[in-house]
Amino acid sequence: MKTNLIPLLRISFFFGLAVGGTEYVLDTGSMPAFIKYPMVTLSLLVFFVILLCIEMLFKALATIKYLLLSKREQQKIDALEALPLLESPFFKKWKQRLTKSKPLAQEGELLLDHNYDGIKELDNELPPWWVYSFYITIVFGLIYLVRFHVVGDYNQAQEFTTEMAVAQQQVEQYLKTAPDLMDKEKVTLLTDAKDLAEGKAIFQTNCVACHRADAGGQIGPNLTDNYWILGGGIKNVFNTVMEGGRDGKGMVAWKAVIKPTEIQKVASYVLSLQGSNPKDAKAAEPEAKPVDETTSKEKSVAALQP
């Protein structure tokens, strides 16, 4: 007997249905569920094997039934299976069901009493496949209307918010292990309250012993005035903390202890203290020079400080 495509199509349909249903239920985002969860992969493989076994069982039953037929009946079945797919009774039956087309010999039954310049009109029925598709779109539209506009189910705005939150978590997780590429050329002044708060925490942990908690200066210089030994501005302050101060007597380099992005935060916090005028602040170092090139953004941050 000639093997046909029906078993393969049947297996593909049910297996695809299982995969699609799994993806819909689990909703693992951009990563397929069978990749993220190994148990899902194993379950799908077991289901695929079961489908194969069922088809093999059907094939065995069909073979037994074929062998029990008479020679004449077997020849009749062989002749039908030898036909091309487009000429097989199965294909013709389903084509007729989906199109309801009539042969050319019966066209006369469809003619309307309408003739224009020799052109006659036929009263063909709409193909059932088109009608059913139209009904499906109506049902889909009603379900969509009720789900998203009446009930207020999970909509695109909520999906966007959720996906952005997931993406932010992924970025934060990546940054925990990613190489820190911040340097003097890339550094910019941070003004976000969260970044300044983190910079303050780093300052209080590592810098208060020399500069005091209010940055008024003790062993180290006063960081709240406009006098700088190695230059002011975010790039100079960042580089000073990163590489250290003057040779032999200045601040040590902190690049081996504090990550560059954290140095950016503490440098931004220090610049935010400009003009805070703490009590009993240390006088400017003799070699320090006033710096007036502070950016307008740095001045606006300093103005916000109490």
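Above this text is the structure in question.
Reference entry: report on the structure contained in this document. Here the residue numbers are simple positions, counted from 1 along each chain's written sequence. Where totals are concerned, whole chains, interfaces and linings use all residues; where local detail is concerned, this predicted model gives features only for residues with pLDDT of at least 70, and gives and counts side-chain atom pairs only at 80 or more. The side-chain quantities take in all heavy atoms of the structure and omit both hydrogens and water.

1. Considerations on the overall build of the protein
Then comes step 1: The helix and strand inventory of the protein stands at twelve helices and four strands.
Then comes step 2: Here the globule rule is a power law, 2.2 Å times the number of residues to the power 0.38, and the radius of gyration is based on C-alpha atoms. Over its C-alpha atoms the protein spans a radius of gyration of 39 Å, topping by over 25% the 19 Å that the globule rule assigns to 306 residues.
Then comes step 3: Categorising residues by exposure relies on relative accessible area from a 1.4 Å probe, with only protein chains included: less than 20% of the type maximum marks a residue as buried, more than 50% marks it as exposed, and the intermediate range marks it as partly exposed. Burial statistics for the protein: of 306 residues in total, 22% are counted as buried.
Then comes step 4: Contacts are assigned to residue pairs with any non-hydrogen atoms lying within 4.5 Å of each other. Counting only contacts in the protein whose residues sit at least 6 apart along the sequence, the fraction spanning at least 24 positions is 62%.
Then comes step 5: For the area figures, the Shrake-Rupley method with a 1.4 Å probe applies, and any residue is considered shielded solely by the protein chains shown. In the form shown here, the protein has an accessible surface area of approximately 22300 Å², with 64% of it arising from carbon and sulfur atoms.
Then comes step 6: For the protein, the distance from the average position of its 33 positive side-chain charges to the average position of its 35 negative side-chain charges is 6 Å. Helix and strand definitions follow DSSP, with helices as H or I runs of at least four residues and strands as E runs of at least two, each counted in order from the N terminus. His is not counted here, nor are the chain ends, while Lys and Arg score as positive and Asp and Glu score as negative. To locate a charge, the coordinates of NZ of Lys, CZ of Arg, CG of Asp or CD of Glu are taken.

2. A closer look at the pattern of salt bridges
Pairing is possible between side chains that carry opposite charge, provided their charged atoms lie close to one another.
Then comes step 1: What makes a salt bridge here is a side-chain nitrogen of Lys or Arg within 4 Å of a carboxyl oxygen of Asp or Glu, nothing more. Going through the model one piece at a time under the given rule, you end up with six salt bridges.
Then comes step 2: We note a salt bridge from glutamate 198 to lysine 265, for which the minimum N-O separation is 2.3 Å. Taken as a pair, glutamate 198 in helix H8 (residues 193-206) and lysine 265 in helix H11 (residues 260-272) lie far apart in primary sequence, 67 residues in all.
Then comes step 3: Exposure remark for glutamate 198: the relative accessible area of 28% places this residue in the partly exposed category.
Then comes step 4: The salt bridge involving arginine 212 is made with aspartate 214; its shortest N-O contact spans 2.9 Å.
Then comes step 5: With relative accessibility at 18%, the residue arginine 212 sits in the buried group.

3. Details of the packing of aromatic side chains
Then comes step 1: Two aromatic rings, drawn from Phe, Tyr or Trp (for Trp, its six-membered ring), form a pair once their centres lie within 6.5 Å of each other, and the interplanar angle then sorts them: stacked below 30 degrees, edge-to-face above 60, tilted otherwise. Applying the stated criterion across every chain yields a total of seven aromatic pairs.
Then comes step 2: Here the aromatic rings of phenylalanine 15 and phenylalanine 48 are separated by 5.3 Å at their centres, their planes lie at 70 degrees, and the arrangement is edge-to-face. Of this pair, phenylalanine 15 sits in helix H1 (residues 6-26) while phenylalanine 48 sits in helix H3 (residues 38-67), and the two are 33 residues apart along the sequence.
Then comes step 3: Judged by relative accessible area, phenylalanine 48 falls into the partly exposed class, the value being 31%.
Then comes step 4: With 5.8 Å between their ring centres and 10 degrees between their planes, tryptophan 130 and phenylalanine 134 make a pair best called stacked. Taken as a pair, tryptophan 130 and phenylalanine 134 lie in helix H6 (residues 128-150) at a separation of four residues, close to a single helical turn.
Then comes step 5: Among the residues examined, tryptophan 130 registers a relative accessible area of 41% and is labelled partly exposed.
Then comes step 6: The exposure class of phenylalanine 134 is partly exposed, given its relative accessible area of 40%.

4. Some thoughts on the side chain of serine 268
Then comes step 1: Structurally, serine 268 can be placed in helix H11.
Then comes step 2: Discounting residues that sit within four places of it in the chain, serine 268 has contacts with Thr188, Leu189, Leu190, Leu196 and Ile234.

5. Notes on H11
Then comes step 1: Multiplying 1.5 Å by the residue count of a helix minus one yields the expected span of that helix. Here H11 spans 18 Å end to end across 13 residues, near enough to the 18 Å set by a 1.5 Å rise per residue.
Then comes step 2: Of all 13 residues in H11, eleven are buried; the element is thus mostly enclosed.
Then comes step 3: Listed as buried for H11 are Pro260, Ile263, Gln264, Lys265, Val266, Ala267, Ser268, Tyr269, Val270, Leu271 and Ser272.

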